[in-house]
Number of protein chains: 2
Amino acid sequence: MSSGLVQMREAQDEESGLGALVFYSEFDDPAEWADALRAYLPELDIRVWPEVGEVSEIHYALVWRPPSGFFEPFEALKLVVNLGAGVDSLTGRPDLPDLPISRLSDAGMVAMMRSYILFAVTRYARDIPEFEAAKRLGEWRYIHPRPLSSTKVGILGLGILGSAAAEALAWLGYDVRGFDRREKSLKGVTSFHREEDFGAFLGELDILVNMLPLTPDTRSRIGPDVFSALPQGAKFINASRGEVVDEPALLEALSSGHLGGATLDVFWQEPLPKDHPFWAMENVFITPHLASITVPQDAARDVAESIRRVHGGERPLHEVNPKLGY
Amino acid sequence: MSSGLVQMREAQDEESGLGALVFYSEFDDPAEWADALRAYLPELDIRVWPEVGEVSEIHYALVWRPPSGFFEPFEALKLVVNLGAGVDSLTGRPDLPDLPISRLSDAGMVAMMRSYILFAVTRYARDIPEFEAAKRLGEWRYIHPRPLSSTKVGILGLGILGSAAAEALAWLGYDVRGFDRREKSLKGVTSFHREEDFGAFLGELDILVNMLPLTPDTRSRIGPDVFSALPQGAKFINASRGEVVDEPALLEALSSGHLGGATLDVFWQEPLPKDHPFWAMENVFITPHLASITVPQDAARDVAESIRRVHGGERPLHEVNPKLGY
């Protein structure tokens, strides 16, 4: 047997000792995920809840909003991977085991969020809502375009997704500012991090984009004070979590005309109830929580790498601090 | 006098010998252009038609669709600059003097076109027309998003604006193909240039973007054969010139349902007549010819450089071949 074959056999033996993974999601296709994971870890035993077999063999959980008490039987767990970027549904729960928790943050998800933010910002910067209205009336309504550099876009929250959106907007030619409580340095982006600069950050914006994660600190963080600090007619885009926004305050700012419009992908209650006032508001654009989703083919590579690392005694990729909530 | 001052004085003397420029446009603000040009060429004498003064002093014309016979009195002209990217209104006219003709192609115009194409493509790739309709009905209609890499976008015409759009779309993660009769090499873009590959280029596209200039060769180039070569349900975006498209064929392809939608910035007749069928079509989005405009502050730098070059006996920037029409 050549040394190459010996090495391959050893690698296989090592992977065959990986054990099993339990999958739980009401929204994602288990077969699609299993196929994607097997492409990277053929030896991983993938079990879809509730068909979990011998629980002592299960070392990894890949889950989206599992029911209360879900983790209890899995005493041999070494890693919990959240099936998405937003971990707020995991970090707040009292039954979360004291284990490495990681989240998904793949290139496909970043690309998808970036495209959503570019779309929503450009829709406002290029006066598209005016042309949508003119189209319905059959009117040729010319509005002289402004250079992209004259549109000031603020990104609140410069995590992986927020940073990617900010840098793409700057690359396209927008005047981009960012705010994050950690100091950040992003190409082409004027970044603020001190709380006392928050008002200056907001005070000049044409468009504010919320990219904050939902944590105990950020719940209803975007309220009346934030909206009133924005210039008259500013637009608001929310593609992170509904609960980061004080929804009644947003409604009030839109109704009063202080805000010129909002593009909302996330809400306090989803699906957004049929009788919610947002539906009838001309200046609100609604998408059904899909600004960014996980693409199994892209994300499985990272999940496999995290499993390999934890199996080898290392930390997983994209680890979350449950106390901070991100 | 220091040698630095001598050089500066000589440079001023040289520029003061530049002579005068005549400006003509019914759409652009002469004062804005004069201010922008003076920032680069303070010595240039700028005259707004019809107040042209002594015509023998006029060496440069900066014009948008001047009337027939416009050029005749200006016997000392050395350069005609078209106030825009599309030179079709100039190159076809019989009274065009035999002089260097140049067009505008500034960074601001490129950025603006790029933002329009990204917007229009992303609107389709992210199912936005479905959400626009759902919003009007007050319906939460979830459509599972597809990875950007699964959307195949074809750019027809890889000039400066088409290339910029193609590269930006590829950078964002779309599957981008380009067609141009000249062989092109663009980052992340699969390019075709042979006429016999045109069908293969069209046959797989989700979205076709027309970026061809209007020339005698391209008039009505996009007709029934092109639309029928696209897959069922494909979308069409036109941000170059209306006349490149066979408009009745486009109407037919949209009405029959073979095309899934169109985003149109340009038309055979502009403003689009009130009774044109496009207005009433749900699957047509209309903008009033503003995908890209010239931004004087950005463009004046190039115009000034062209004037300096022609004054010094060189060729101008962005020169056009009137016989080819681009």
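Residues numbered from 1 in each chain as written. Chains lettered and ligands numbered in written order. Predicted model: local features only at pLDDT ≥ 70, side-chain atom pairs only at ≥ 80, totals over all residues. Heavy atoms only, no water.

**A few points about the environment of B:Y142**
We count it as follows: Working definition: helices are DSSP H or I runs of at least four residues, strands are E runs of at least two. Numbering for both runs from the N terminus. Buried residues are those whose accessible area, probed at 1.4 Å on protein chains only, stays under 20% of the maximum for their type, while exposed residues exceed 50% and partly exposed ones sit between those limits. Note on definitions: a residue-residue contact is assigned when non-hydrogen atoms from the two residues lie within 4.5 Å. Pairs of N or O atoms are called polar contacts if they sit within 3.5 Å, as long as, within protein, a hydrogen donor faces a hydrogen acceptor (for residues adjacent in sequence, only side-chain-to-side-chain pairs).
Considering the arrangement of structural elements, one finds B:Y142 in the loop between α5 (128–137) and β6 (152–156). The partly exposed category is assigned to B:Y142, whose relative accessible area is 40%. With near-sequence residues (within four places) excluded, B:Y142 lies in contact with A:P288, A:H289, A:L290 and A:I293. A polar contact of 3.0 Å, which involves the side chain of B:Y142, links it to the side chain of B:H144.

**Concerning the confidence of the model for chain A**
We count it as follows: Confidence of the predictor at the level of single residues is captured by pLDDT, which takes values from 0 to 100.
Averaged over all residues, the pLDDT of chain A is 93; the fraction at 70 or higher stands at 95%. Counting interchain partners and residues more than four positions distant, the pLDDT-below-50 stretch residues 8–14 of chain A has three contacts.

**A look at the domain arrangement of chain A**
Residues and elements named next belong to chain A. The test is simple: Domain start and stop positions are those given by an automatic or database domain assignment. Put simply, a salt bridge is a Lys or Arg side-chain nitrogen that is within 4 Å of an Asp or Glu carboxyl oxygen. For this classification, the nonpolar set comprises Ala, Val, Leu, Ile, Met, Phe, Trp, Tyr, Cys and Pro, the charged set comprises Asp, Glu, Lys and Arg, and every other residue, Gly included, is treated as polar.
Per the domain assignment, the segments making up chain A are domain 1 (3–106 + 294–311) and domain 2 (108–286). Opposite the twelve residues of domain 1 that make contact, domain 2 presents eight residues. Counting across the interface, domain 1 meets domain 2 through one salt bridge. The shortest N-O distance in the salt bridge between R241 and D88 comes to 2.7 Å. Linking domain 1 with domain 2 are six residue pairs in polar contact (both at pLDDT 80 or more), by the criterion used here. Among the residues forming the side of domain 1 that touches domain 2, the class breakdown is four nonpolar, four polar and four charged.

**Quick look at the nonpolar core**
Inclusion rule: Grouping buried Ala, Val, Leu, Ile, Met, Phe, Trp, Tyr and Cys residues that are joined through side-chain atoms within 4.5 Å yields what is termed a nonpolar core.
In terms of nonpolar packing, the biggest core is built from 123 residues, with A:I117 and B:I117 touching the most fellow members. Setting aside anything within four residues of it in sequence, one finds A:I117 in contact with A:A165, A:L169, A:V209, A:M211, A:I237 and A:A239.

**Quick word on the pairing of strand β3 (residues 58–63) of chain A**
Looking along a regular strand, one sees the side chains alternate between the two faces of the sheet. Residue and element names in this part refer to chain A. Where we set the bar: DSSP-based pairing: two strands are paired if at least 2 bridges between them are found.
For β3, the tally of buried residues reaches six of six residues, placing the bulk of the element in the interior. Taken together, the four bridges between β3 and strand β4 (residues 79–82) define a ladder with parallel strand orientation. Paired with V63 across the strands is N82, a residue of β4.

**With respect to the environment of A:G203**
All names here are of chain A. Mapped onto the elements of the fold, G203 is located in helix α7 (residues 198–203). The exposure class assigned to G203 is partly exposed, which follows from its relative accessible area of 37%. Considering only alpha carbons, one finds G203 and F227, 24 residues apart in sequence, at a separation of 9.8 Å. Among residues more than four places away in sequence, those in contact with G203 are A229 and P231.

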